[in-house]
Amino acid sequence: MRQLWKTFLALPLVAGVALTAIPSQSIAAPSFSQYRVTQRYNGRPAPVNLSTPSTRRFRTVLTNGAKLGPNFAGQYTVITWGCGTECQQVAIVDAKTGRVYLTGITASLGVKHQLNSRLLVVNPPEEIAQLSPEYAKRITTRYYVWQNNRLVQVK
């Protein structure tokens, strides 16, 4: 019984050593090239669909932003606007149909995106790197991929 008790007490120590012996692998941040799109909408942007109370509330910013045409995932326009100190709301408008996707995502330091990619970066790391270390600790970079007409967080 005494030997069994010693073995039981040693298990956490052995497990701790085993876990610390595993090399920590940092997972690389997603890249725009991982989520490339090949098709691009070149037509005139459709009128913005303002059929809901939420879209009508942001009518001006959505309409003006959508007029600029696609800047994301081949046929979509990412639009941001201020929602307070260090706060930007993010919406996506389909240039083909005018459909508005109010994402519910807010950013402190903006977003980064490309016309030829489905990746959307919220609070880009290069923006965080410019902050004081104390402040930078409070902000995280988030990565989303446009999939089935919604943003899915990948990291």
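Model, not experiment: these values are computed from the prediction.

Regarding the sheet that holds strand β5 (residues 119-122)
Item 1. As summarised here, the arrangement of the four strands in space is β4-β5-β6-β7, forming an open sheet in which the pairing is antiparallel. Each end of this open sheet is capped by a strand with a single partner; those strands are β4 (111-113) and β7 (150-153). Across this sheet, the average inter-strand angle for adjacent strands is 30 degrees, counted without regard to direction.
Item 2. As defined by bridge partners, β4 adjoins β5 across three bridges and the pair is classed as antiparallel. Bridge pairing in β5 links valine 111 to valine 122.

A word on the pattern of salt bridges
Item 1. Following the criterion strictly, the structure yields one salt bridge and no others.
Item 2. Taking the shortest distance from any N to any O, the salt bridge between lysine 112 and glutamate 126 comes out at 2.8 Å. Taken as a pair, lysine 112 in strand β4 and glutamate 126 in helix α4 (residues 125-128) lie far apart in primary sequence, 14 residues in all.
Item 3. Residue glutamate 126 is classed as partly exposed on the basis of its relative accessible area of 35%.

Regarding the state of the cysteines
Item 1. In this structure the tally under the stated criterion is one disulfide.
Item 2. A disulfide bridge connects cysteine 83 with cysteine 87, and the sulfur atoms are separated by 1.9 Å. Across the S-S bond linking cysteine 83 and cysteine 87, the dihedral sits near -80 degrees, which makes this disulfide left-handed.

A few points about helix α3 (residues 59-66)
Item 1. Looking only at α3, the buried set comprises Leu62, Gly65 and Ala66. Down the axis of α3, the buried side of the element spans an arc of 95 degrees, and every buried residue falls inside it.
Item 2. If you follow the buried residues of α3, they end up packed against α2 (53-57), β1 (76-84), β2 (87-94) and β3 (100-107).

What about the side chain of threonine 55?
Item 1. Its place among the elements puts threonine 55 in helix α2.
Item 2. For threonine 55, a relative accessible area of 5% gives the class buried.
Item 3. Ignoring anything within four residues of it in the chain, the contact list for threonine 55 reads Asn49, Leu50, Leu62, Val100 and Leu102.

Scoring rules and cut-offs
- Residues numbered from 1 in each chain as written.
- Predicted model: local features only at pLDDT ≥ 70, side-chain atom pairs only at ≥ 80, totals over all residues.
- Heavy atoms only, no water.
- Pairing = 2+ DSSP bridges.
- Helix = DSSP H or I, 4+ residues; strand = E, 2+ residues; numbered from the N terminus.
- Axes fitted to C-alpha atoms, helices over the stretch in contact; angles between N-to-C directions.
- Salt bridge = Lys/Arg side-chain N within 4 Å of Asp/Glu carboxyl O.
- Buried < 20%, exposed > 50% of the residue type's maximum accessible area, 1.4 Å probe, protein only.
- Disulfide = S-S within 2.5 Å.
- Arc of directions from axis to C-beta.
- Contact = heavy atoms within 4.5 Å.

Any functional reading would require information beyond the geometric quantities listed.
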